[in-house]
Amino acid sequence: MESLRTHYSIDVTSKEFGKIISVAGWIEDIRNIGSIAFIILRDRKGTLQITALKKQHKEIFDKLVNISRESVISVEGLCQQSDKARNGYEIIPNEVNILSNAETPLPLGVVDKIESELETRLDNRFIDLRKQEIQAIFKIRNEIIAAVHEYLRKEHFIEVHTPNIIASSSEGGTDVFKLKYFEKEAFLAQSPQLYKQMLMSTGLDRVYEIAWYFRAEEHNTRRHLNESTAVDLEMAFIKDEEDVMKILENLVYNMWKRASLCKEELDILNQKVTVPKLPFKRVKYDDVIDNLNKNNCNLQWGADLGSEEEKLLGEIMKKQGHEFYFITKYPIEAKPFYTMPEEEKYSRGFDLACKGVEIASGSQRIHDVDLLINRLNACNLNPKDFESYLKAFRFGMPPHGGFGFGIERFLMNLLDIKNIRECILFPRDRTRLTP
RNA sequence: GCCCUGGUAGUGUAGUGGUCUAUCAUCCGAGCCUGUCGAGCUCGGGACUCGGAUUCAAAUUCCGGCCGGGGCGCCA
């Protein structure tokens, strides 16, 4: 055999009929009818059929029929047109190489008729990922991240990488993972917030990062991970937060558009992606509260929206034709310390929501160091703990703003996936540390 | 952090004090079958999360551990 694989399953065309080709992959199914057997082989692009006849070649027939499912083989044989086989052709094998034998029974069936639970699937993720509908999620994920790079580079953002091991918690509030760093104590970053802001003092002006977020909160829900990814972005010399929102809505637009082009994967997932229209609706926080209170909510001014209120707002906005919308001018007390205040009680912070779920949040940031220290104190944080961050504000810091944007939440929303653990290859949740 | 909930073959389930020697499907194994594609048929295999308590009797009730699922708060 000259090579393990000359063709992928779906790349075989009528040009190959009558020729010797080789294919390789995992044995998905063996249907032994007696004197004839059909072996379904799966590769990256799809499946194909190998047809073995006992009469014609008993040795190869016996070999193929006795391999366990999900073993890896390479087959060389005659490619023959067949209306009865999938893809319109079948391979008549003349050489079979077993590259890897799968143990039996499988901990999880790839094409079994019985659905497994998410836990079983995650415990055996390497097999779970053999399913085309699971792979489709990550192929789409790859595409939308490509769209992020493409769009942001076009807008002159540069991709950066900031530390994940840090000396103090980024923003206070949420729980962080503590770890030993030689003789010191360190933490895992809950976001690149402080670093991307510091980069605004360098003149790089526009940066973004596909960032890891580590959060030690002990929640156990469908929409929380303890390790997640995000698109984090920061830009300098902005007039106000509107400049940031423009980038964000265009980014989201481009991501949806790119996802809508993944026709094959969307078909497999039975999903339709409708590209949103620009610009997204801007709604002031005050109007949101009024609107919700008119609809039988009892919200105090200054309160953050609970998940039920968020959902209700999503329904109200949808009736008005807005699937995506910004909530702007949040009360300063509902936003983190680095958020730029506006007037007495407001801020230049915003959230982007889609279908009643918050998918991104951002703001214009404070660039004045005295104001920043005031806000730290007001939030019961100690400016001393933030000295290396504050230093970047003392020697020339332009006005700036940015946002963070959870990739898994976005995928859930995009593909109507019910559990966030489906959106990341190897999820880390409250109890899961392996695989 | 708080609250609710669950754990039966490899997988997914039925069974809620007593012929349970535990159901069914899938799966695995042996066999039959020349056009399967959820192949079919015959035969066989395989399980009660762990520890303690109650009881004549526990998969089933109670307590605890371990491991899950979900909701709230918080957040992405």
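Residues numbered from 1 in each chain as written. Chains lettered and ligands numbered in written order. Predicted model: local features only at pLDDT ≥ 70, side-chain atom pairs only at ≥ 80, totals over all residues. Heavy atoms only, no water.

### Details of helix α6 (residues 241-260)
An α-helix turns once per 3.6 residues; consequently, residues spaced three or four apart project the same way.
Thought 1: Here α6 contains 20 residues, and its C-alpha end-to-end distance of 29 Å stays within 8% of the 28 Å for a straight helix at 1.5 Å per residue.
Thought 2: Two or three places before glutamate 242, at the start of α6, stands the capping residue aspartate 240, its side-chain oxygen 2.9 Å from that residue's backbone nitrogen. (Helix = DSSP H or I, 4+ residues; strand = E, 2+ residues; numbered from the N terminus. Expected span 1.5 Å × (residues − 1). Polar contact = N/O pair within 3.5 Å; in protein donor to acceptor, adjacent residues only side chain to side chain.)

### A short note on the pairing of strand β18 (residues 400-406)
Thought 1: Burial analysis of β18 places six of its seven residues in the buried class, the great majority of the element.
Thought 2: Sheet topology note: the strand β11 (residues 227-236)/β18 ladder contains seven bridges and is antiparallel. The partner of alanine 236 across the bridge, within β18, is histidine 400.
Thought 3: Relative to β18, strand β17 (residues 357-364) is paired through five bridges, and the arrangement is antiparallel. Of the residues in β18, the one forming a bridge with serine 363 is glycine 402. (Buried < 20%, exposed > 50% of the residue type's maximum accessible area, 1.4 Å probe, protein only. Pairing = 2+ DSSP bridges.)

### Quick look at the sheet that holds strand β7 (residues 165-166)
Thought 1: Taken in spatial order, the three strands of this open sheet run β7-β9-β8, and their pairing is antiparallel. A strand with exactly one partner marks an edge of an open sheet, and here the two such strands are β7 and β8 (178-181).
Thought 2: Bridge count for β8 against strand β9 (residues 184-188) is four bridges, and the pairing is antiparallel. Across the sheet, the residue bridging to leucine 179 is alanine 186, located in β9.

### Here's the deal with the protein's contact with RNA strand B
Thought 1: The environment of RNA strand B is formed by 51 residues, the closest being Arg31, Lys84, Arg215, Arg222 and Arg409.
Thought 2: With respect to RNA strand B, the side chain of lysine 55 contributes an N or O atom lying 3.4 Å from a base oxygen.
Thought 3: In the model, a sugar or linking oxygen of RNA strand B is placed 2.9 Å from a nitrogen or oxygen of the serine 116 side chain.
Thought 4: The element contributing the most residues to the surface near RNA strand B is β17, with four residues.
Thought 5: Residues that form the surface near RNA strand B fall into these classes: 13 nonpolar, 17 polar and 21 charged. (Near = heavy atom within 4 Å. Nonpolar A, V, L, I, M, F, W, Y, C, P; charged D, E, K, R; others polar.)

### Some thoughts on the state of the cysteines
Thought 1: According to the stated counting rule, one finds zero disulfides in the structure shown.
Thought 2: Lacking any disulfide linkage, cysteine 423 is separated from the closest cysteine sulfur, that of cysteine 354, by 13 Å.
Thought 3: Accessibility expressed as a relative area gives 0% for cysteine 423, which makes it buried. (Disulfide = S-S within 2.5 Å.)

### Description of the side chain of histidine 400
Thought 1: Mapped onto the elements, histidine 400 comes out in strand β18.
Thought 2: Judged by its relative accessible area of 0%, histidine 400 is buried.
Thought 3: In terms of polar contacts, histidine 400 uses its side chain to reach the side chain of glutamine 197, at 3.0 Å.
Thought 4: Once residues within four sequence positions are removed from consideration, histidine 400 is found in contact with Gln197, Met200, Glu234, Met235, Ala236, Ile238, Gln364, Arg365, Ile366, His367 and Phe393. (Contact = heavy atoms within 4.5 Å.)

### Things to note about the nonpolar core
Thought 1: Counting 51 residues, the largest nonpolar core has Ile140, Leu152 and Phe405 as its most contacted members.
Thought 2: Sort the elements by how many residues they give to this core and helix α4 (residues 132-154) lands first, with ten residues.
Thought 3: Discounting residues that sit within four places of it in the chain, leucine 152 has contacts with Phe157, Tyr208, Val231, Leu233, Ile247 and Leu251. (Core = buried A, V, L, I, M, F, W, Y, C linked by side-chain atoms within 4.5 Å.)

### Side note on the packing of aromatic side chains
Aromatic rings in a pair are described by how distant their centres are and how their planes are angled relative to each other.
Thought 1: One pass over the full model with this rule turns up 13 aromatic pairs.
Thought 2: Ring geometry for phenylalanine 337 against phenylalanine 386: centres 5.3 Å apart, planes inclined by 65°, an arrangement best described as edge-to-face. Taken together, the residues phenylalanine 337 in the loop between β13 (324-328) and β14 (341-342) and phenylalanine 386 in the loop between α10 (369-378) and α11 (387-391) connect sequence positions 49 residues apart.
Thought 3: Residue phenylalanine 386 is classed as buried on the basis of its relative accessible area of 4%.
Thought 4: Between phenylalanine 386 and tyrosine 389 the ring centres are 6.4 Å apart and the planes differ by 65°, which places this aromatic pair in the edge-to-face class.
Thought 5: A cation over a ring is seen here: lysine 335 above tyrosine 330, with NZ or CZ 4.4 Å from the ring centre. (Phe/Tyr/Trp six-rings, centres within 6.5 Å; stacked < 30°, edge-to-face > 60°. Lys NZ or Arg CZ within 6 Å of the ring centre and 35° of its normal.)

### A word on the confidence of the model for chain A
Thought 1: Overall, the prediction assigns chain A a mean pLDDT of 90, with 99% of residues at 70 or greater.
Thought 2: As a predicted assembly, this complex carries a pTM of 0.91 together with an ipTM value of 0.86. (pLDDT = per-residue confidence, 0-100.)

### A look at the sheet that holds strand β6 (residues 158-159)
Thought 1: In space, the eight strands of this open sheet follow the order β6-β10-β11-β18-β17-β16-β13-β12, with mixed pairing throughout. Either end of the sheet is taken by a strand with one partner, and the two such strands are β6 and β12 (281-284).
Thought 2: Pairing geometry for β6 and strand β10 (residues 206-214), over two bridges, is parallel. By the bridge assignment, glutamate 159 is partnered in β10 with tyrosine 208.
Thought 3: Contacting β6, β10 and β11, α4 runs over the sheet at an angle of about 150° to β10.
Thought 4: Lying over the sheet, helix α12 (residues 407-415) contacts β10, β11, β16 (349-354), β17 and β18, oriented at roughly 60° with respect to β18. (Axes fitted to C-alpha atoms, helices over the stretch in contact; angles between N-to-C directions.)

### Some details on the pattern of salt bridges
Thought 1: By the definition in use, this model includes 34 salt bridges.
Thought 2: Sharing partners across several salt bridges, the network here consists of Arg121, Arg125, Asp128, Lys131 and Glu422. (Salt bridge = Lys/Arg side-chain N within 4 Å of Asp/Glu carboxyl O.)

### Here we look at unusual backbone geometry
Thought 1: The omega angle of the peptide bond from threonine 104 to proline 105 is -10°, so this bond is cis rather than trans.
Thought 2: If you trace the backbone, proline 105 turns up in the loop between β5 (89-100) and α2 (118-123).
Thought 3: Look at phenylalanine 237: it is not a glycine, yet its phi comes out positive at around 60°.
Thought 4: Take phenylalanine 237: it is sitting in the loop between β11 and α6.
Thought 5: Overall, phenylalanine 237 belongs to the exposed group, its relative accessible area being 60%.
Thought 6: Residues other than glycine seldom take positive phi values, yet asparagine 380 does so here, at roughly 60°.
Thought 7: Topologically, asparagine 380 is positioned in the loop between α10 and α11.
Thought 8: Asparagine 380 gets classed as exposed once you look at its relative accessible area, which sits at 73%.

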